Structure formats: C-alpha cells, structure tokens
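# Overview (structure and organization)
Each chain is listed here by its residues.
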Amino acid sequence: MATIVGAVTTSHVPAIGRAIAKNLQQEAYWKPFFDGFPPVRDWLAQVKPDVAVIVYNDHGLNFFLDKMPTFAVGAATEYRNADEGWGLPTSAPFRGDPALSWHIIESLVADEFDVTSCQEMLVDHAFTVPLALLWPDRSRPAPRTVPVCLNTIQHPLPTPLRCFKLGQAIGRAVAAYPEPLRVVIIGTGGLSHQLDGERAGFINKAFDLMCLEKIVDAPLDLAGYTIRDLVLHAGTQGVELISWLVARGALAQHAAKVHSHYHIPVSNTAAGLIVLEDAA
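Anyway, here's the lowdown on the structure attached to this text. (Residues numbered from 1 in each chain as written. Predicted model: local features only at pLDDT ≥ 70, side-chain atom pairs only at ≥ 80, totals over all residues. Heavy atoms only, no water.)

Okay, the overall build of the chain next. Helices and strands together make up the secondary structure of the chain, namely ten helices and eleven strands. The C-alpha atoms of the chain give a radius of gyration of 17 Å, which matches the 19 Å a tight globule of 280 residues would have. Along the three orthogonal principal directions, the C-alpha set of the chain runs to about 45 × 45 × 40 Å. Within the chain, the fraction of its 280 residues that count as buried is 54%. Taking the intrachain contacts of the chain between residues at least 6 apart in sequence as the baseline, contacts between residues at least 24 apart amount to 81%. (Helix = DSSP H or I, 4+ residues; strand = E, 2+ residues; numbered from the N terminus. Rg over C-alpha atoms; globule rule 2.2 N^0.38 Å. Buried < 20%, exposed > 50% of the residue type's maximum accessible area, 1.4 Å probe, protein only. Contact = heavy atoms within 4.5 Å.)

Relative orientation of the contacting elements helix α7 (residues 205-217) and helix α10 (residues 241-249) amounts to 25°, with a least axis distance of 10 Å. Here α7 is positioned roughly parallel relative to α10, judged by the angle of their axes. As α7 runs across α10, the sense of the crossing is right-handed. Here Cys-211, Leu-212, Ile-215 and Val-216 of α7 lie close against α10, whose contacting residues are Leu-241, Trp-244, Leu-245 and Arg-248. In terms of residue class, the contact of α7 with α10 is made up of seven nonpolar, no polar and one charged. (Axes fitted to C-alpha atoms, helices over the stretch in contact; angles between N-to-C directions. Parallel < 35°, antiparallel > 145°, perpendicular 65-115°, else oblique. Left-handed = near helix turned anticlockwise from the far one by under 90°. Nonpolar A, V, L, I, M, F, W, Y, C, P; charged D, E, K, R; others polar.)

All right, on to the pairing of strand β4 (residues 78-81) then. The side-chain alternation of β4 yields one buried face, formed by Tyr-79 and Asn-81, and one unburied face, formed by Glu-78 and Arg-80. Taken together, the two bridges between β4 and strand β5 (residues 94-95) define a ladder with antiparallel strand orientation. If you follow Tyr-79 over to β5, its bridge partner there is Phe-94. Bridge count for β4 against strand β7 (residues 122-123) is two bridges, and the pairing is parallel. Counted as the bridge partner of Arg-80 is Leu-122 from β7. (Pairing = 2+ DSSP bridges.)

Here we come to the packing of aromatic side chains. Throughout the structure, instances matching the rule amount to ten aromatic pairs. Taking the centre distance of 5.2 Å and the plane angle of 80° together, the rings of Tyr-29 and Trp-30 count as edge-to-face. Residue Tyr-29 is classed as partly exposed on the basis of its relative accessible area, which comes to 40%. Judged by centre distance (5.9 Å) and plane angle (55°), the ring pair of Trp-30 and Phe-34 falls under tilted. Of the two residues, Trp-30 and Phe-34, both sit in the buried class. One aromatic cluster is present, formed by Tyr-29, Trp-30, Phe-33, Phe-34 and Phe-37 through successive ring pairs. The ring of Phe-202 has Arg-199 lying over it, and the distance from NZ or CZ to the ring centre is 4.3 Å. (Phe/Tyr/Trp six-rings, centres within 6.5 Å; stacked < 30°, edge-to-face > 60°. Lys NZ or Arg CZ within 6 Å of the ring centre and 35° of its normal.)

We now examine the sheet that holds β7. Neighbouring strands of a sheet are bound in pairs by backbone hydrogen bonds; such pairs are parallel or else antiparallel. As summarised here, the arrangement of the three strands in space is β5-β4-β7, forming an open sheet in which the pairing is mixed. Two strands lie at the open edges of the sheet, namely β5 and β7, each paired on one side alone.

So, in structure tokens, the structure goes:
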C-alpha cells in the first residue's frame, strides 16, 4: 500500500521565484529566508517520496471569477507552467501520476467531496515556487505530482474545517492505493498577508507563530476558525492557511514536528515553513 511520509507547508510568494531566477539566495535580504530550507531538503533525501500531492490555490492561470471550482484535482501525465504576469522564467513541465490522481479523485467523490477533475492543467507560482525551494536541482527530477487546487479567491470559500476534512479524505485515499508509493503532502501559501485595501501590507506575527504551533498538536483549533476569522487575523490572502490544513489533515491525529522556520517579510508576506511526520 502507499504511505504518506509526511507533510511540508511553505509560502509561495512570486518574489521568491524571481530571487531564485536571479541567484539572490545569499544576498542579505534573502539569506534568512532561504536558510530555512536545507534541513527540509535533507529530510526529503531521507524519506525519498515518489509522489508529491501539492495543495495550492490557482491565481487565474486555470480558473477565474466566472468559473471557480471549490476543489480541483489534476489528472494529467504532465503539468506545464505558463507566464501568469510576474515575469518569472517558465519551468519545464512537471511529471504527473494519472493513476494515483484518478484513484484520489474517485475516493474523494466516494467520500462526498465534489471535485473538478482536470485532465489538462497549467500550474502557476503557487505550485512551481515550492517545488523549486524543495528540489532546487532540476537536473534531478522532482517527484511525480498530483495538484490539488483550492478556491481562496471567489467567495464563498471552503471553510477551514472542510479543508481539514478534505485532507483526511486524501489521507484515506493514499492509504488505500495498492501500489507501494511514498507520498509527501505539500501545502502552499501564507502565512499572514494582505495585498490590497486599507490593510495592504498587513502581517500578524503573533497569529502566524500560533499557527505554527497549533498545526502540530491542535489542528482542529485552527480548523475551528471561520474564513472571516482568517481574514481578520491573517489578512485577505492569509486565508491560504486552508491549504496547510489540508496537508495536516492527511496525516495521523498525532504528528511530530521535524523542522520549522519563520521569517518576515518576504516581499509583503510572512513566510512560514514546517515539516511534519506522523508521531508513530
């Protein structure tokens, strides 16, 4: 059977992709952020995932306000990156795992999650930047991927509790997959940030640090927030925390923290990073 080796949650700010493209990792502004990732890469080298299920939010490359699925799952043989307006270099295509994707889709529907299945899917910076951070050497291919896209744009948004339950359902789906795959769950986005309006530039360090603690031992406390609560405490775009809850939900009830890191600001965002394993 397939097993989940753990979960990684990290930010996906476009400016990170630009810093990588310009080799700015050791510059004074960027070094404190990039210094958080070598321990994660060491852990990934140890657990050797075959597949990464990547939970993120699309920024208009696939879906827009006129058609916005609550949950969408990719089921393609590969996922191409396209220019979404940030001027980032376009990445080479990422490998998919259609067999695992369809198994997850069928299992989610059986679990009463109405997901949109995507046999063609473009991926944006929310997908590509975390992969570049975790597997920076593109001469060594990253694991095969299964994109899971959440609506964080067009209200009504899925509740944090619904997203945690989605993660639990993904965990059950992976556990029931008959191939001996090693799967890592990656939740991308956040932490606190707001890009526009009266609170543009808003960062809430105290809330972020609380999230980094609660996601380990008390994820249902975070899942108890409403979307309105998240907007209040983390900013309009801080609702991306729901992708972290999907990743955490895929793990067992008791998790152990392998590594965490927090740095502000990255561009106008609080950058959080955590690696979790099942405590057993």
